[in-house]
Every structure is written in C-alpha cells, then in structure tokens.
Amino acid sequence: MSLASCSYQTTWIPNSSSFTVALLGINGDIWQMYEGDPTAPVNVIPDFVTDKPVIKTILMESDPEVTQANLAAMISNSETKWYVNDVKLVFNATTGISTNFGGAFKLITTASGSNPLASAPYGGLQIIKNLVTALNGQSAVVRNEVALTIGSNVAYVQGSTGIKMIKRTGSNSVADIYCDSSDSFVLTSDHNSVVCKVRCWQGDQQLADNKFTRKWSLLENGAWIQKATTNTFTVNRDMIATFGDVKVECFDTSGKPIASDIQTVADETDPYVVMPNPTPADGVLRASGGPDKIKFEPKLLDLDGVEKTGVKFLFTELDSAGNILNNDTTTKKTSHEIPIQTFINLNEGPLVNITAVEA
C-alpha cells in the first residue's frame, strides 16, 4: 500500500484509535503567478477572487466502524487552529473571514453550512482574495491543527500543504494539473474517479488545448509509469492506494518539453493506513534553530488499527515538477532520512511517497 503527501502527520490517540490527517486543494495545487512588485502585482493568475479555491482537511481513521459523521462529530471547531507560515489565522466570529493576511481566508468548519461543506466535511479553508501582496510574493506553508474530542480529552493531529507564489518572467513555463469545480482529487465511496486536466503557460501566454501535447504517468514503486497521452486522464480508486501521485509532461507541437506538474489524489476509503512517523513530528524543517534532517519510521495499520508485520517501505522524494530527487527508490527499508540540504536546494519541502511492500 502507498501513501503520499506534501507534509503530514499521523499519531496515536490514547484510546488506541489511529488517525491520519492531510491537507489537499480540492481542485488542484494552490498557486499564483504574477508580474511586477508584490506590493502592486499585475496579471495575477489564477484569480482567487473568482476561483475561490478550497483547501480541504482530510481525516482518516483505521477503524471501519467509525463513520464520516462520527469523525466530524469528534472535531472541536473552537479548538482547531490554522497557521500560515506559523502565523496563527484569526477569524471574525460572524463572517469566518480572517482578520489578518488581508482577509484572504475564510474558515470552513464542520458546522459552517457553507457551500464547500459537502466536499470538506472535516473543515478547511477557502481562499477568497489574491495572496501575492498578503504573502509579499513568497510561497507559504499552511498548517492545520485538528482538535479531536475523545472522551474528556482533546488531542491534536496536524497536516500541512503549500501555497506557491511564482514571479513571471519572459522565460517562465508552467503546467498546472487541475479538475473541474464539480470534481475533486479526493475520492470517496460516492466519488470513485477524477478527471485530471492540465493548463499550460509558455512565457506570458496560456496555450490553447490544441497547442501542446501531454504525457500522463502514475508513480508506482518509486518510478513514473506512463499511462496515457490523451488530453485528460481519469484516475479511479483501483489505481491508487490511499494516496497516489499523477504527473503530466507538456510538449509543444514539435515535441520540445515545455513544463511538468504533479498532483496528489487521495482515496479516503482505503482499508490500510500508513503512519509515516516523522521526526520532527510535524514534518517541517526550518532554515535555522531546528533539526538538520527529517526521519521517517513508518508503520502499516490494518482495518482494526493493528500494525501489519512483515512489511518494509519504499521511499521516493519528489520536487513540485515531479522530478525524483533520491537515487535509491527500490531498496526496501524500515526508515528514511531527508537532510536539510534537500530543502535548501529546492527552497521548498519535497513531497514524499511511501509505499509499503512485503519484506
């Protein structure tokens, strides 16, 4: 079984239940490209005032008897916290709109009754304004500390994801995997598949669909396996295990590469849960004042939350374009370390795919 995420944490709760939490943009990665100075940006795309993307909290529990309604009822909205670059978001009690970051974020709670609630039953964030100025043109890490009420205690599990800011130059080429607003990259028992699409920019021009070709691949056991060359690519629950990664490579009409992108697809119904067990526990490295590496010591849980023995793991590190960063992705291991130099070189955190295999 496999699990991939931008940066997430799984932990044990004292009542012996296990939870996995992650954050995912419902319709694709959250990013903006702009020209000029971030204090007065021009030609900002995509326009969040119009698009209003949603970052969804994904919450999984290994016990099949625990339903979605059960999990949602365990969340304490008042104790759940959101951070952007470690700055706590503060929300207006009436509107749910953030009072910091220029009012760009709107809180989605389990009781909000807002439109995205059906696709975000465990809560999330909706971005309602452009972020270039609020973030000073810099990329950001969004982190959610989900508060779960268990008996008389409150326990926290957390996940994080990135918002990427790109300053456009004449040489920029960008590909973006997305799905329609009526679709979702989170698969459920009622939503069995997602149609992956791609937008492509070359320099300052968005290319028409017939002006570039595509190559679609899935990450399988540490390698990209080509699946299609069609305009769109459909991923269903049988094709991934818990979390899967899709890559698209875009080429101009002469066959010259333009850009590539990757997108995580989550299957909330998968019967197995991979606990990544990162150290530090939040899966975050900082440029100074912290550890110099992240170590993963994963476990695989079955339907009853019992650890499955006789398994090892394959580890694949990926940058945001889908390039594989580590040389060895085929050795079965019980742990894996990523040095801080990898983060420095990328200027972002790598996405880590963990695949459980028979030992």
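Shown above is the structure to which this text applies.
Summarised in this report is the structure supplied together with it. (Residues numbered from 1 in each chain as written. Predicted model: local features only at pLDDT ≥ 70, side-chain atom pairs only at ≥ 80, totals over all residues. Heavy atoms only, no water.)

The secondary structure content of the chain amounts to three helices and 28 strands. Contacts in the chain between residues at least 24 apart in sequence constitute 65% of all its contacts with a sequence separation of at least 6. Looking at the chain as shown, the accessible area adds up to about 15,900 Å², and 47% of this sits on carbon and sulfur atoms. (Helix = DSSP H or I, 4+ residues; strand = E, 2+ residues; numbered from the N terminus. Contact = heavy atoms within 4.5 Å. Areas by Shrake-Rupley, 256 points an atom, 1.4 Å probe, with all protein chains shown as cover.)

The next point concerns the nonpolar core. Of all hydrophobic cores here, the largest spans 30 residues; its most connected members are Cys196, Trp216 and Val246. The contact partners of Val246, leaving out residues within four places of it in the chain, are Ile177, Cys196, Trp216, Ser217, Leu218, Trp224, Phe233, Val235, Asp261, Ile262, Gln263 and Val265. (Core = buried A, V, L, I, M, F, W, Y, C linked by side-chain atoms within 4.5 Å. Buried < 20%, exposed > 50% of the residue type's maximum accessible area, 1.4 Å probe, protein only.)

Reading across from one edge, β23-β24-β27 is the order of the three strands in this open sheet, with antiparallel pairing throughout. The open sheet is flanked by β23 (278–279) and β27 (336–339), the only strands paired with a single partner. Relative to strand β24 (residues 293–296), β23 runs antiparallel, the two being bridged by two bridges. Across the sheet, Thr279 pairs through a bridge with Lys295, a residue of β24. (Pairing = 2+ DSSP bridges.)

When you line up the elements, Gln205 lands in strand β16 (residues 205–206). Linking Gln205 and Asn172, residues 33 residues apart in sequence, is a C-alpha distance of 9.7 Å.

Further remarks concern unusual backbone geometry. The omega torsion of the bond from Ile45 to Pro46 falls at -15°, within 30 degrees of zero and hence cis. Looking at the element boundaries, Pro46 is found in the loop between β5 (42–45) and α1 (48–51). Of note, the bond from Thr279 into Pro280 is cis; its omega dihedral lies within 30 degrees of zero at 5°. Assignment of secondary structure puts Pro280 in the loop between β23 and β24. Look at Asp86: it is not a glycine, yet its phi comes out positive at around 70°.

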